[in-house]
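# Coordinate inspection notes
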Amino acid sequence: MSAKIIDGKAFAATVREKVAGHVSRLREVHGIVPGLAVVLVGDDPASEVYVRNKGKQTLEVGMNSYEHKLPEDTPEADLLALVARLNADPAVHGILVQLPLPDHIDEEKVINSVTPSKDVDGFHILNVGLLATGQKAMVPCTPLGCLMMLRDHHGSLSGLNAVVVGRSNIVGKPMAQLLLRDSCTVTIAHSRTKDLAEVCRGADILVAAVGRAQMIPGDWVKPGATVIDVGINRIPAPEKGEGKSRLVGDVDFDSAVQVAGAITPVPGGVGPMTIACLLANTITACCRAHD
Ligand code: GUN
């Protein structure tokens, strides 16, 4: 039997449509245009692609997009000064500083310099604490997108065994918090977990966020489980020629799709949901600012 493919691209389009509706109402009824500022330091090609896509989609839903591109050797103090200006700017409702930052900049210091109410990434220590204690937080975009797809597929997640493979601050830990908030029994597994295969086999919901290409094979998946693959890894194409490469997840899709009940593909699964949730978070920040 083959799993249901969870279409993140289509789901993200519906989220963007809802966001666009909110933007129209804010503009027409209240005369407010939500604004998202994105800051990119340096010229990492993958980050440049992300930032370009964010800017494009921000404009497409009718929001204002403010892009700030700074050179690789920007002093930390200059970046902090820019964040302070954006914090004080009433036209900016959301601020995202693209990670990773160059080595000479203290990432935590920059993350925590963003006003928590404009922290659409949900990375500020205050938002991390609010999420962990079940209070009203800005929630990190990738795990929020995963949660939306899980709720859409399952309805209630209450009582399900969820295994999150990966313990990053950006995905693994907030994902676990969100699943716990939805009354799952949550295990966070990682590279040091003993018998990872057996742990994964206990999961009704398996979220893979380790950043290692195809490391989770189908025989680690419980029959009928829902598999959410957060990984985006570029590997050489198996066929020879022209240095082609392709994107794969952390799950071996071809074997897992035979066993799972539902699975997100890569590309076209979690990826598109991340930017859609960033736009949704910007609406949330905007509405809270004008409450
Ligand atoms: N780099 C990779 N993913 C992210 C993200 O979700 N937010 C930020 N700020 N940087 C990233």
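Computed from a predicted model, the values in this text were never measured in an experiment.

Turning our attention to the overall build of the chain. A count of helices and strands for the chain gives 10 helices and 11 strands. For 291 residues, the compact-globule estimate of 2.2 N^0.38 gives 19 Å, and the chain sits close to it at 19 Å. With the C-alpha coordinates aligned to their principal axes, the bounding extent of the chain is approximately 50 × 45 × 30 Å. Per-residue burial for the chain yields a buried fraction of 45% across its 291 residues.

Next up on the list: the domain arrangement of the chain. As assigned here, the chain comprises domain 1 (32-117) and domain 2 (141-271). Inter-centroid distance (C-alpha atoms) of domain 1 to domain 2 is 28 Å.

Read from one edge to the other, the open sheet built from six strands follows the order β1-β11-β8-β7-β5-β6, with strand pairing classed as parallel. The strands lining the two open edges of the sheet, one partner per strand, are β1 (4-5) and β6 (185-189). In the sheet, strand β5 (residues 161-165) pairs with strand β7 (residues 205-208) via four bridges, with the strands oriented parallel. In the strand pairing of β7, Val164 is matched with Val207.

A separate point is the UniProt feature "domain: Tetrahydrofolate dehydrogenase/cyclohydrolase catalytic" (unreviewed entry) in the chain. Taking the UniProt record as the reference, the feature "domain: Tetrahydrofolate dehydrogenase/cyclohydrolase catalytic" (unreviewed entry) is found at residues 6-121. Segment residues 6-121 splits into 49% helix and 16% strand. End C-alpha atoms: 24 Å apart.

To continue, consider unusual backbone geometry. Comment: phi is negative for the bulk of residues other than glycine, and the bulk of peptide bonds are trans. Going from Leu99 to Pro100, the amide bond is cis rather than trans, its omega being 0 degrees. Mapped onto the elements, Pro100 comes out in the loop between β4 (94-97) and α4 (107-111). Omega for the peptide link from Val266 to Pro267 comes to 0 degrees, which places this bond in the cis form. Positive phi is not limited to glycine here, since Asp195 has a value of about 45 degrees. Assignment of secondary structure puts Asp195 in the loop between β6 and α8 (196-201). C-beta crowding within 10 Å serves as the criterion here: with 9 such atoms nearby, Asp195 is assigned to the exposed category. Positive phi, normally seen in glycine, also occurs at Gln214, with a value near 50 degrees. You can see Gln214 is positioned in the loop between β7 and β8 (226-229).

Within β5, four of the five residues are buried, which leaves the element mostly enclosed by the surrounding structure. Once you follow β5 into helix α7 (residues 172-181) and on to β6, the crossover reads as right-handed.

What follows concerns helix α3 (residues 76-88). Across its 13 residues, α3 extends 19 Å between first and last C-alpha, which sits within 8% of the 18 Å expected from 1.5 Å per residue. For α3, the elements touching its buried residues are β2 (35-41), β3 (64-70), β4 and α4.

Strand-to-strand pairing in sheets goes through backbone hydrogen bonds, with the strands running parallel or antiparallel. Taking strand neighbours across the sheet as the criterion, the three strands line up as β3-β2-β4 in an open arrangement whose pairing is parallel. Only two strands of the sheet have a single partner each, and these edge strands are β3 and β4. For this sheet, the mean inter-axis angle between neighbouring strands, taken without regard to orientation, is 15 degrees. Along the sheet, helix α2 (residues 45-60) makes contact with β2 and β3, crossing β2 at roughly 165 degrees.

Membership of the largest hydrophobic core comes to 90 residues, with the highest contact counts inside it found for Val164, Val165, Leu206 and Val207. Considering each element in turn, this core owes the most residues, 11 residues, to helix α10 (residues 270-289). Shared between two domains, this core holds at least three residues of each, these being domain 1 (32-117) and domain 2 (141-271). Discounting residues that sit within four places of it in the chain, Val164 has contacts with Gly172, Met175, Ala176, Val186, Ile188, Ala189, Val207 and Ala209.

Conventions and cut-offs
Residues numbered from 1 in each chain as written. Predicted model: local features only at pLDDT ≥ 70, side-chain atom pairs only at ≥ 80, totals over all residues. Helix = DSSP H or I, 4+ residues; strand = E, 2+ residues; numbered from the N terminus. Rg over C-alpha atoms; globule rule 2.2 N^0.38 Å. Buried ≥ 20, exposed ≤ 12 C-beta atoms within 10 Å, placed from the backbone. Domains from an automatic or database assignment. Pairing = 2+ DSSP bridges. UniProt positions renumbered as here; feature names shortened; annotations may be inferred. Right-handed = clockwise from strand over helix to strand, strands pointing away. Expected span 1.5 Å × (residues − 1). Contact = placed C-beta atoms within 7 Å. Axes fitted to C-alpha atoms, helices over the stretch in contact; angles between N-to-C directions. Core = buried A, V, L, I, M, F, W, Y, C linked by C-beta atoms within 7 Å.

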